[in-house]
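These are the residues of each chain, in order.
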Amino acid sequence: IHDHLKVGQTVSIHIIDVDGEKRTMAASMLDEQADQYLNRRREMKERQRRRQKAWEESYSNKSDVGFFEDAIKELEDAFQEDYGGWSSTEQ
């Protein structure tokens, strides 16, 4: 940090987290838009980590049919999310 800031230099920060239990706080010099992007990336990685863990936990207990059924369910959910479900003209 000494390569970028000088002692006594005025900087703008915003508080991004306060932990009352540990009596600490986190601050950021990034603009809020950059922090929001980083928060979304962090949340996305956490969701991926949880999905991976759940998949690994269920892997040892599933048959090939179970994996196939899960894959179909994931595809149906993704289709529902992206396109709002099946259209009434499809059979």
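What you are looking at is a predicted structure, and each value in this text was computed from that prediction instead of being measured.

**Things to note about the overall build of the chain**
Point 1. Within the chain, the secondary structure is distributed over 2 helices and 2 strands.
Point 2. Tracing the chain from N to C terminus, the helices and strands come up as β-β-α-α.
Point 3. When burial is assessed residue by residue, the chain has 4% of its 91 residues classed as buried.
Point 4. For the chain, contacts bridging at least 24 residues in sequence account for 3% of all contacts bridging at least 6.
Point 5. Total accessible area computed for the chain in this model is approximately 8900 Å², and 51% of it derives from carbon and sulfur atoms.

**Quick word on the pairing of strand S2 (residues 24–28)**
Point 1. Relative to S2, strand S1 (residues 14–19) is paired through 5 bridges, and the arrangement is antiparallel. Considered in S2, the bridge of Ile15 is made with Ala27.
Point 2. Connecting S1 to the next strand, S2, in antiparallel fashion are 4 residues, including Arg23 with a positive phi near 60 degrees.

**A word on the packing of aromatic side chains**
Point 1. Within this structure, the stated rule accounts for 1 aromatic pair.
Point 2. Judged by centre distance (5.0 Å) and plane angle (40 degrees), the ring pair of Phe79 and Tyr83 falls under tilted. Linking Phe79 with Tyr83, this pair stays in helix H2 (residues 64–83), spanning 4 residues, or about one helical turn.

**What about the confidence of the model for the chain?**
Point 1. In this model, the chain carries an average pLDDT of 82, and 87% of its residues clear a pLDDT of 70 or more.
Point 2. By mean pLDDT, the top-scoring element of the chain is S2 (88), and the lowest-scoring one is helix H1 (residues 32–59) (83).

**Observations regarding the pattern of salt bridges**
Point 1. Summed over all chains, the structure comprises 3 salt bridges.
Point 2. Its salt-bridge partner being Arg49, residue Glu46 comes within 2.5 Å of it at the nearest N-O pair. One end of the pair is Glu46 and the other is Arg49, both in helix H1 and 3 residues apart, which spans about a single turn.
Point 3. Its salt-bridge partner being Glu46, residue Arg50 comes within 3.6 Å of it at the nearest N-O pair. Of this pair, Arg50 and Glu46 are both found in helix H1, 4 residues apart, which corresponds to roughly one turn of the helix.
Point 4. Look at Arg50 and you get partly exposed, because its relative accessible area is 44%.
Point 5. Connected via shared salt-bridge partners are Glu46, Arg49 and Arg50.

Conventions adopted
Residues numbered from 1 in each chain as written. Predicted model: local features only at pLDDT ≥ 70, side-chain atom pairs only at ≥ 80, totals over all residues. Heavy atoms only, no water. Helix = DSSP H or I, 4+ residues; strand = E, 2+ residues; numbered from the N terminus. Buried < 20%, exposed > 50% of the residue type's maximum accessible area, 1.4 Å probe, protein only. Contact = heavy atoms within 4.5 Å. Areas by Shrake-Rupley, 256 points an atom, 1.4 Å probe, with all protein chains shown as cover. Pairing = 2+ DSSP bridges. Phe/Tyr/Trp six-rings, centres within 6.5 Å; stacked < 30°, edge-to-face > 60°. pLDDT = per-residue confidence, 0-100. Salt bridge = Lys/Arg side-chain N within 4 Å of Asp/Glu carboxyl O.

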